[in-house]
Amino acid sequence: MTIQEFWVLLNLLVAFLVLVVDPKFYISCLRKCLYIKGSLIGVALAPIALFLGLFLSKYIPSGNGNPYTSSIPLIVSVMILLPLFAIAETEVFQKLPIEKLGKIGVPVSSVLFGAAHAIQNFDLLSGVVLTFVGAVFAVFYIKGGLKLTASIHYSYDLTLLIALLICHLLKS
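What counts and how
Residues numbered from 1 in each chain as written. Predicted model: local features only at pLDDT ≥ 70, side-chain atom pairs only at ≥ 80, totals over all residues. Heavy atoms only, no water. Helix = DSSP H or I, 4+ residues; strand = E, 2+ residues; numbered from the N terminus. Expected span 1.5 Å × (residues − 1). Bend = angle between axes of the 7 residues up to and from the residue. Polar contact = N/O pair within 3.5 Å; in protein donor to acceptor, adjacent residues only side chain to side chain. Axes fitted to C-alpha atoms, helices over the stretch in contact; angles between N-to-C directions. Parallel < 35°, antiparallel > 145°, perpendicular 65-115°, else oblique. Left-handed = near helix turned anticlockwise from the far one by under 90°. Nonpolar A, V, L, I, M, F, W, Y, C, P; charged D, E, K, R; others polar. Phe/Tyr/Trp six-rings, centres within 6.5 Å; stacked < 30°, edge-to-face > 60°. Buried < 20%, exposed > 50% of the residue type's maximum accessible area, 1.4 Å probe, protein only.

Quick look at helix α6 (residues 124-171) now. Along an α-helix, residues three or four positions apart point the same way, because every turn accommodates 3.6 residues. Its 48 residues give α6 an end-to-end C-alpha distance of only 26 Å, which falls more than 12% under 70 Å, the value for a rise of 1.5 Å per residue. Of all bends in α6, the biggest is about 135°, found at G145. In this structure D123 caps α6, since a side-chain oxygen of it lies 3.0 Å from the backbone nitrogen of L125.

Dropping the structure here:
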């Protein structure tokens, strides 16, 4: 088992434990992620990031891809647990740097978000694209706070996961 696969399993296990131990917390996270304005922004951001990735793929090498999306069961598991991931990542990558550093926290937040995903995915291209996505999340965090940003993040990820699930099902 690679470090990457171990990280995926650890994240999924912790999130499922949170879901089982405290379903009210899960529901509160889900409610925060179902904010209409954020959902619309997240759905619009997903194809922009995809097109940016396709454009930049000519210039930036890509790696192994996201380990959370390697199979249909993993995709479905992540879709179920996504509210927890969206809230946690918003807290870590937007709230903390921006609350502690102010406006300088926007570029710091963006780079941290991109770097964390590049390391997780072993993929420089996703790191660059997700630095841009992290900048969008950071700006919206300043404008609308945790609920707006988490809902953007949730619907962005959910849109990409649904597209990926459809691709997996069409291949089968």
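Now, onward.
What follows concerns the packing of helix α3 (residues 36-56) against α6. The interhelical angle for the contact between α3 and α6, taken along N-to-C directions, is 165°, at an axis separation of 8 Å. In this view, α3 runs roughly antiparallel relative to α6, as classed from their interaxial angle. Our pair here, α3 against α6, has a crossing hand that is right-handed. By residue class, the composition of the contact of α3 with α6 is 21 nonpolar, seven polar and one charged.

All right, on to the packing of aromatic side chains then. Aromatic ring pairs are described here by two measures, namely the spacing of the ring centres and the angle between the planes. According to the stated counting rule, one finds four aromatic pairs in the structure shown. Measuring from centroid to centroid gives 5.4 Å for F113 and F137, while their planes differ by 75°, and the two rings are edge-to-face. Residue F113 is located in helix α5 (residues 105-121), and its partner F137 is located in helix α6; the two are separated by 24 residues in the primary sequence. F137 sits in the buried class, given a relative accessible area of 0%. Aromatic ring contacts, followed pair by pair, group F93, F113, F137 and Y156 into a single cluster.

The next subject is the packing of helix α4 (residues 72-101) against α6. In contact at an axis separation of 9 Å, α4 and α6 are set at 160° when each is read in the N-to-C sense. Considering their axes alone, α4 and α6 lie roughly antiparallel with respect to each other. With respect to the hand of their crossing, α4 and α6 are arranged in right-handed fashion. Split into classes, the residues belonging to the contact of α4 with α6 amount to 23 nonpolar, six polar and five charged.

Structural measurements only, silent on function.
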